[in-house]
Structures are given as structure tokens and as C-alpha cells.
Amino acid sequence: MRIPIETFHLDNGLLVTLSEDHTAPIAAVNLWYHVGSANEKAGKTGFAHLFEHMLFQGSAHVKSNEHFELIQRAGGTLNGSTWLERTNYFETVPSNELALALWLEADRMGDLLPAMTQEKLDNQRDVVKNERRWAVDNQPYGTMLEKMQELVFPPSHPFQHSLIGSMEDLSSASLADVAQFFATYYTPDNAVLSIAGDFDSAEARRVVSEYFGPIPRGRGKPPLPLMTLPPAFGSPLREVVHDNVSLPRLFMAFRSPVFGSDEYYAASVASAVLGMRKGSRLHRSLVRERQVAADAGAFTFDLAKGTDILVADVTARPETSPARLEEEVEREIDLIHREGVVDEEVNRAIALIETDLVASLQSAGERADRLSMFATYFGKPELINEQVDRYRVVTKRKVNALISERFGRDNRASLVYVPREGVESESVLAAAAGTG
Amino acid sequence: MVTALRPKSGQPRSYHFPEFHDETLPSGIRLVTATVTKLPVVTVLVVVDAGSTNDPPGKEGIAALTAGTILEGTERLDGAELTERFELLGTSIESGADWDSSFVKITTLSDRMEEATQLLGEVISNPVFPEREVERLKAERLAEILQLETEPRGLADEKFSEFLYQQDSRYSKPDEGSMESVSALSRKDVQEFFGTRYRAGATSVIVVGDISTENARALINRAFQNWLPGAAPDQPLVAKARSTRKSVHVVDKPDAPQSELRVGHVGLPRKHPDFFPALVMNAVLGGLFGSRINLNLREEHGYTYGASSFYDWRRGPGPFVVSTAVQSEVTAPALREIFSEIERIRVEKISEEELSLARDYLDGVFPIRYETTGAIASALATLVIYDLPEDYYDSYRKNIRGVSVDTVLGAAKSHLHPDELQTVVVGDARVIRDSVADLKVGDVHVHTP
């Protein structure tokens, strides 16, 4: 299965990818800016994400919140998101409204600053602080991402600091920071625009050139410091977090090959063998057979620079102590590290991944987002069509080589959440344990 | 510079909800099929009239436990083997129960569809419900209940239902059961529930994707042979409000940085004649980013990351609720704004601009909702579960466009009841209690979770 792809550059450096599909009158617009929390300076944590919020506060020809209103009025859906390496903005609209979505994106890429005010910045700072309270501070295990970044990356590594940011740093963000960040990173030569769905390519090229063509090229962005890290931590890392949670939960991380490399696909399959769905090792062994865990999974961060991180995520049953949880997970990892995997496990993982890949491409928004991703990280949107093949060539031998290199004791970082005393009452525990 | 000239809308291309075929198979099972050939993917969704509202009193959680344990083994294969068979085919099987039905679902590449469907039929025709797996899934549910004590969003939802409905209403208790009810469930309960409700006449199989109706029919006829005939018994539902007087329930979470707020009352059943006006009214009030409640609480005041209102549509009258999380210090002012927005939409007509935003959004977004086989299958399940007319999706957009400023006002007047609003706050009682009491939105009761 292949989706059609056309790629071109505007003179200002904007990389554009188009993928036509006329099965429904829907078009998706997706912009990736190659900037994320990794690009933040010291003392400015959370700024990339706060800036994403500001992009919905209007631009030269668009009033505050009007971007949302115009798209929803057109019958479209939209949002944005910020990650360590990138920030994306996306709309899915009825195809006769494609020009509107493109124009709105062009207006804020070309001319954001006239709309920026202190009042809007103050308001969005409050909104983001509430987002932090909601998603991080007042949510069990909500600090996982920032604690994990701190644990697995060395100090001053661009991936080491919090994505959502500290309250102090959010408080100190200024309009001058907004202007500088915009000028440095929100430039056509630092972005990829993808369009997927029901449109005519020639017409789309014309509209994209008209709207985005006049935006001047940027003056370059400061290079990221060296991000390469050795393949292993060197010795086991461990942090215990006493938190307002009900059940112990262990996130065990491994440094793993960067997203997009051949070894990445072996790591991704290893991650699926370990923790994708209920037939995976961790689920079968710890949840089903030994019944020490309530839930188990594994995932990769999919970082394209420096090193990726693979994480096993296991939540204890109420009667399982944190120490026991760690022992049990260590034992499983030791086992897979010592003995490797069998063919059936690799086949299961690849079959599941393949179905997910194909099913996800049903949505125009997903197509556009993946085109942007491959174009942003590798300059090659056509990699979207090679994913199934790259997984299919992963063999047991490659997975075992990856596991042997990466799952050893010298490459494990354990982040252990432990219920704070007083969180569990004895009667509740007894009730739960009595029926287990 | 980018042109100041805003583009005009192009000529819209027509769109039809995928054509579907609806029939009753010789076994008595209903089969709904829609052929969608965009990608080589098929979703098979089995829907059984066996929702949580069918849990017998004292056995709350049995529908969910039955749906979970159904995947845990047949006479031929145990749960681990079944899981592995499905996953080697690249599909994973999911099951669960909601208020009005239970479901089992697979999504598979079309070339593996035949094997996967055969296996699916085997799983739900001959489950053996091993004792060990029943007990394991109970223990996992108990772990989930424990998790809720430290998870403010889920806790707020659950407490809201508890304070909203009369104690003898199934809706007042968690859909998957409480610590007490789940602890008492047994394998025998599961077998009984399955035998009573998983009947051919209560079962619909929905097949959507890259497959013809003929092939789907042949596959389903073969895979679902062994079903008990007959329908599931009707069961009356109690869904009365616990109180028609305003009250406030604070679930104390000392030092919580935010208050989770739920404000609402008993809403409307899914098949209500005012469904469309109520849907549009809610979109204006709190159903969109640009709705009154979100613009007020988030964009104007910065109290929250987001605020919304919704009807939880069920066969019976589910909750109507405004839901948000605000910084603890602004709990009382945020509640004041919520109450005032609910009041305002009942007394003044909304503007034509507000109406058109909500209406054009709901009308325009329609095709975007049905891009995937999974989404189309869910939409068809909605028809089945709520017994909606066959042309429901074909007339949906016309019905949305037919809503006016006056019918919105009518819906707000008839169906919003400010005097009956129940408020649940999961937050730090010490910080918020007095200021919330001063609002006079009902007596304040403080609870420990």
C-alpha cells in the first residue's frame, strides 16, 4: 500500500508535501516547525509550548481566538502540540475550505507579532499554568515525563529539562522572548507544510505559493549542542518518587537507537515484544500469569536526535510492594536479555505494528502529520511509504542484537512511583487483597 | 507580506454517509455491513444488548466483567492462546461494556479478515469463563477503583453520578462496579449474565471496510453459528434525580493545586424529540472551543486549561454536566461564571452568529467524523443501540441546519434547570469551603474520599 506524494520547495525554503486522496471531501493541513523544548535556553523552560498557545492568539489579519472560530465555523477540527524536537499545528477541514486553513497558517507564520500583547501573554501564561496543574501536578504519575527527562539525560543536554516548564520560568516569559523566538524559529525554512486529502495538486501549489511565498526566509537558528550519547548509561540509574498515587508504578527506561535508523526498527519491535498489547511478554507474565501487575506496556519516545528512549511501564497490583515490582520487572528484562526472543514474538509484533500503520493512514490528518514528520526529521516525506517494509525486514537476529546491546544492567534507568504514606488505607488494601 | 484578503469558501463537494446494508441472519443475529474500500482494513464490531444498566441490583459490574472474561478462553484455547492467535494475525481483540451495550471488536487487514472473524466467532460463541481469569479480572478492576482515589478527574465524574441520581438508580453507581459489588461477583454470576443476555436476538454484528456484503454475510454466518436464540429480557431503568434542590458536595483533597468541578443535573435520553436543538444549544454553551463557557473561563479569565459542557447520551436520561478544573483559589468565581452562563442561555436568545458557529461546525464536521472503519462501525452501532431511524445519518445535517435561535432558547428553557444544579468539587476543602458557601448555590457538604 502506497500513498501518492508530491514534494516541492518554495524559494523561501518552505518544504511542501502533497498527498491527494479523493475518497471523501476532506483536506488536512499540517505544519511542523523544527523547534521544540530542546531549543529553549536555560531559565526559559516551557517557552516553546507557551509559544504554541500564543499562535492561537491572532496575527496581523486574524483576531484573538479567531483562528479557532473560523476553522470551526468552516466545519473543521484543529489543534497544535509541542514535543521535545518539534511543534506542530494542524487543521482538518471540508475540502472546499482548504484555502482558509492555508491562509490562516500563512498569516501567523508571516505576521504574528502585530497581534501580540502583554495581556494575551499574561492570560495564556495562566492557561498554561493551569494546564501544568491539570496534566502534571494534580494527576497521578503526571510528572513522569519531566522526571524521566531529568533522570535519563545528562544536565544541560537539550532533552533534559521539562517540556511544560517550571512555574518560575513560565512567570518570567516576556513579550521580547515571544518576538525573538518567532524571528528565530517560525520561519519558512524551518518548517514543513503538508496537505493530504481531497484537493487538486496544481491548485494547491498555486495557493501555497501565493500565501506562503511572500514570507521571508529566516536568518538561521542557533545550532543545538552536541546531542550524541553513548549507547548505555554506564551504570543503573534509579529514582524513587513518593507521590500522591494509589499503586506503585515502575517506568524502566533504556537508551535506544534514534528514530529512523535501521536499529530503531529493531528497537521498536523489541518494545512491542515487551509491551505491545496483551500478548506481550510483560503483560503475559506479570499481569496474566504471575498476577503481580495490574497493567504493563512499553513504548519508545521516537526521538530523532542524539538517542531515543525505550520505556517499559508496569503498574503494580495493590498487594505488590514497590520492591517486589522492581524485582519482577528486572527478572523479566534479565530473562529477555539473557535468552532473547523467539520468531513468533517478532512475527506477532510486526503484524500488530503493520495493522496499526495501515489503519492510521485512513485519516487525512494522520497522513499529513506523518508526511510532515518524515520531511522535518529526514527531508524525506516518502519514508511514510517505506515503514511497513522497514519493519518487515526486522529479524529475530536483529532484535536479539538490539536487546543484547541495550537491555543490560548498565543501561537501565528506573523511575519508581511509590504511594505516599497515608494514601492507602489499610481497610481498602485488605478488601482488595482478599479477593485477589 | 501575506495577503490581507481572506479566501472565500470553494464549492462544497457532496458527501454521503457510507451506504450500509441491514439484515437479520437465519440465526437471528442482525448484520449491518458497509463496504469502504479506501484501504485494505476491516473492522468487525459485535454489539450485544447487555449494558451496565442490565446489571442486577447488588451485582454492579457484571456486564463489564462478563465482557472482559469472554476473551479469556474457549473449550479449545485458553486466554493466552487466544490472545496470541489474534495478535499473530496482526489484530487485537477488545471488549467492554458501557451503559447500554457490551461490545467485542477487532480491526484487521482485509487479507487476514477471514481467519480473524472465524476466531472471533469462536471466542464469543463458546466462552468458558475460567474461574482463575474471573478472579484476576476482578482484582484488576479493584486495582482500578483504588487508582481512582488519587485521580481527581475520574473521582469527580464518579462522585457526580453518585450525588446526581437516586441510590436505587443504576446510574448512581460506577458502570464497572464498586469495591463492594465487584468483590462479591462470581463465575456463576458471569455465566448467568451471559446465558440471559448474549442471545442471537440481542446481538448485532457490524462489518465495515474492504469487504463486500456477500462475503461478510458468508463469513459471519459461518463464524457465529452457535448462538442461543431469542432476545434479552427488557429491564426497567430508574434514573431519577437524588434531589431537585441545589446542593454542593466537596470531596476533600488537602493541598490539591486545582479543583475539579462538575455542575449539572439529570439530562435527556438519547431518543428525545429535542435532541437536535439540545445538541446545538449545548455547543453554544460549552460544546466547542469557542463556546461561552470555555471563552469565559479560559480565554477571558485564565482560570483553567479548558472548560466544557456535554450531554452524556444514553438510553435513559444521562447527566448534563459542565466539567472543568480550575486553580484552587478561583473555585468560587469559576462556579459563579458557570452558574451565570447556564442562567443566561435560558433567558436571552443566543445571537445569530453564535447559532451559525455551532450549526455550521456540527454540519461541516460531519464527514470528518467518519474517516475510519472504526468510526463508521461505531456510528452504525449507535443506530442499533438507540434504535434510530435508518436515514438518521442521511438527515443529520438537515436536522442540524433546521435548528433556530428560537428552538435553542426553547431547549434551554425546557431542559436546563438552574434550581436543580448539583455541584461536585474535588479539591482542598480548607481553601474553598467558605467562598463556595457564600455563592449560595446550595448547602455545602464536605466528604472525605
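Going along each chain's sequence as written, the residues are numbered from 1 onward. Chain letters and ligand numbers both follow the written order, the letters beginning at A and the numbers at 1. Note on the predicted model: pLDDT of at least 70 is required for a residue's local features to be given, and 80 or more for side-chain atom pairs to be given and counted; whole-chain, interface and lining totals, by contrast, use all residues.

S.K.: Hey, could you run me through the overall build of chain A in this one?
M.R.: Put simply, DSSP marks the helices as runs of H or I at least four residues long and the strands as runs of E at least two long, and each gets a number from the N terminus on. The helix and strand inventory of chain A stands at 16 helices and 11 strands. Taking 22 Å as the expected radius of gyration for a compact globule of 436 residues, we find that chain A reaches 23 Å, a close match to that expectation. For chain A, the C-alpha atoms occupy an extent of roughly 65 × 50 × 40 Å along the three principal directions. Here chain A, with 436 residues, has 54% of them falling under the buried criterion. We take the radius of gyration over the C-alpha atoms and set the globule estimate at 2.2 Å times the residue count to the 0.38 power. Put simply, a residue is buried when 20 or more other C-beta atoms lie within 10 Å of its own C-beta and exposed when 12 or fewer do; between those, it is partly exposed, and each C-beta is set from the backbone.

S.K.: Please explain the confidence of the model for chain A as it appears in this structure.
M.R.: A low pLDDT score tells you not to read the predicted coordinates there in detail. What pLDDT reports is the predictor's confidence in each residue, on a scale of 0 through 100. Scored by pLDDT, chain A comes out at a mean of 95, with 97% of its residues at no less than 70. It is the C-beta atoms, placed from the backbone, that decide contacts: two residues are in contact if theirs lie within 7 Å. Contacts from residues 423-436 of chain A, a stretch scored under 50 in pLDDT, to residues over four places away or in other chains number 24 contacts.

S.K.: I would appreciate a short explanation of the sheet that holds strand E10 (residues 308-316) of chain A in the present structure.
M.R.: Note: strands within a sheet are paired through backbone hydrogen bonds, in either parallel or antiparallel orientation. Residue and element names in this part refer to chain A. Here, any two strands with at least 2 DSSP bridges between them count as paired. If you walk across this open sheet you meet the five strands as E7-E11-E8-E10-E9, and the pairing is mixed. Edge positions in the open sheet fall to strand E7 (237-243) and strand E9 (293-300), since each of these has one partner strand only. Shown here is a sheet whose adjacent strand axes are inclined to one another by a mean of 15 degrees, direction ignored. Here E7 runs beside strand E11 (residues 413-419); their pairing, made up of seven bridges, is parallel. Residue Glu 239 lies in a different strand from E11, and its bridge partner there is Leu 415. To get an axis, fit a line to the C-alpha atoms, keeping to the stretch in contact for a helix; angles then go from 0 to 180 degrees between the N-to-C directions. On top of the sheet, helix H5 (residues 144-152) reaches E7, strand E8 (249-256), E10 and E11; it is set at about 140 degrees to E11, its chief contact.

S.K.: I tried to follow the interface of chain A and chain B on my own but got confused; where do I start?
M.R.: Often, the extent of an interface is quoted as the loss of accessible area on bringing the components together. Taken together, the 73 residues of chain A in the interface contact 66 residues of chain B. Mapped onto the side of chain A that touches chain B, the elements with two or more residues apiece are helix H2 (66-73), strand E5 (87-94), helix H3 (98-110), helix H4 (118-137), helix H10 (281-289), helix H12 (343-360) and helix H16 (426-434) of chain A. Among the elements that take part in the side of chain A that touches chain B, H12 of chain A stands out by supplying nine residues, more than any other. In this classification, Asp, Glu, Lys and Arg are treated as charged, Ala, Val, Leu, Ile, Met, Phe, Trp, Tyr, Cys and Pro as nonpolar, and every other residue, Gly included, as polar. Class assignment for the residues of the side of chain A that touches chain B results in 31 nonpolar, 24 polar and 18 charged.

S.K.: What is the right way to look at the sheet that holds strand E2 (residues 30-35) of chain B in this model?
M.R.: If you trace the six strands from one edge of the open sheet to the other, you get E1-E2-E6-E3-E5-E4 (chain B), paired in mixed fashion. Looking at strand neighbours, the two that pair on one side only are strand E1 (21-24) and strand E4 (93-97) of chain B, the edges of this open sheet. Going across the sheet, the axis of each strand differs from the next one's by a mean of 15 degrees, ignoring polarity. Direction of pairing for E4 of chain B relative to strand E5 (residues 102-109) of chain B: antiparallel, over a ladder of five bridges. The residue of E5 of chain B that forms the bridge with Ser 95 of chain B is Val 104 of chain B. Here H12 of chain A sits on the sheet and contacts strand E3 (41-48) and E5 of chain B; the angle it forms with E5 of chain B, its principal contact strand, is near 95 degrees. Along the sheet face, helix H1 (residues 62-69) of chain B touches E4 and E5 of chain B and points at about 165 degrees away from the line of E4 of chain B.

S.K.: Please explain H2 of chain A as it appears in this structure.
M.R.: Counting buried positions over the eight residues of H2 of chain A gives six, a clear majority of the element. Looking at H2 of chain A, one finds that the buried residues are His 67, Phe 68, Leu 70, Ile 71, Gln 72 and Arg 73 of chain A. Contacts made by the buried residues of H2 of chain A are with strand E4 (77-82), E5 and H3 of chain A together with helix H12 (352-364) of chain B.

S.K.: When you look at the environment of Glu 131 of chain A in this model, what are you seeing that I'm missing?
M.R.: Residue position: Glu 131 of chain A is located in helix H4. On the basis of neighbour count, Glu 131 of chain A is assigned to the buried category, with 20 C-beta atoms found within 10 Å. Each C-alpha atom, one on Glu 131 of chain A and one on Pro 236 of chain A, is 33 Å from the other, the two residues being 105 residues apart in sequence. Excluding anything up to four places from it in sequence, Glu 131 of chain A contacts Ile 164 of chain A together with Tyr 305 of chain B.

S.K.: Looking at this structure, how should I read the confidence of the model for chain B?
M.R.: For chain B, per-residue confidence averages 96 on the pLDDT scale, and residues scoring 70 or more make up 100% of the total. Listed scores for the predicted complex are pTM 0.96 and ipTM 0.95.

S.K.: Honestly, the packing of H1 of chain B against helix H4 (residues 131-148) of chain B in this entry has me stumped. Any pointers?
M.R.: How two helices sit against one another is set out by the angle between their axes and by the gap between those axes. Residues and elements named next belong to chain B. For the pair H1 and H4, interaxial distance at closest approach is 10 Å and the crossing angle is 125 degrees. In terms of orientation, H1 and H4 fall into the oblique class. By crossing handedness, the relation of H1 to H4 is classed as right-handed. From H1, Leu 65, Gly 68 and Thr 69 reach across to H4, where they touch Glu 133, Val 134, Leu 137 and Lys 138. Orientation is classified from the angle alone, with under 35 degrees giving roughly parallel, over 145 giving roughly antiparallel, 65 to 115 giving roughly perpendicular, and any other angle giving oblique. A crossing counts as left-handed when the near helix is turned anticlockwise from the far one by less than a right angle, and as right-handed when that turn is clockwise.

S.K.: Help me understand unusual backbone geometry, please; the structure alone is not making it clear to me.
M.R.: Glycine aside, negative phi is the norm for most residues, and most peptide bonds take the trans geometry. All names here are of chain A. Phi at Arg 277 is positive, roughly 65 degrees, even though this residue is not glycine. Owing to 18 C-beta atoms within 10 Å, Arg 277 belongs among the partly exposed residues under this scheme. A positive phi is found at Gln 291, a non-glycine position, where the angle reads about 55 degrees. By the element assignment, Gln 291 lies in the loop between H10 and E9. Assessed through the 17 C-beta atoms surrounding it within 10 Å, Gln 291 is described here as partly exposed.

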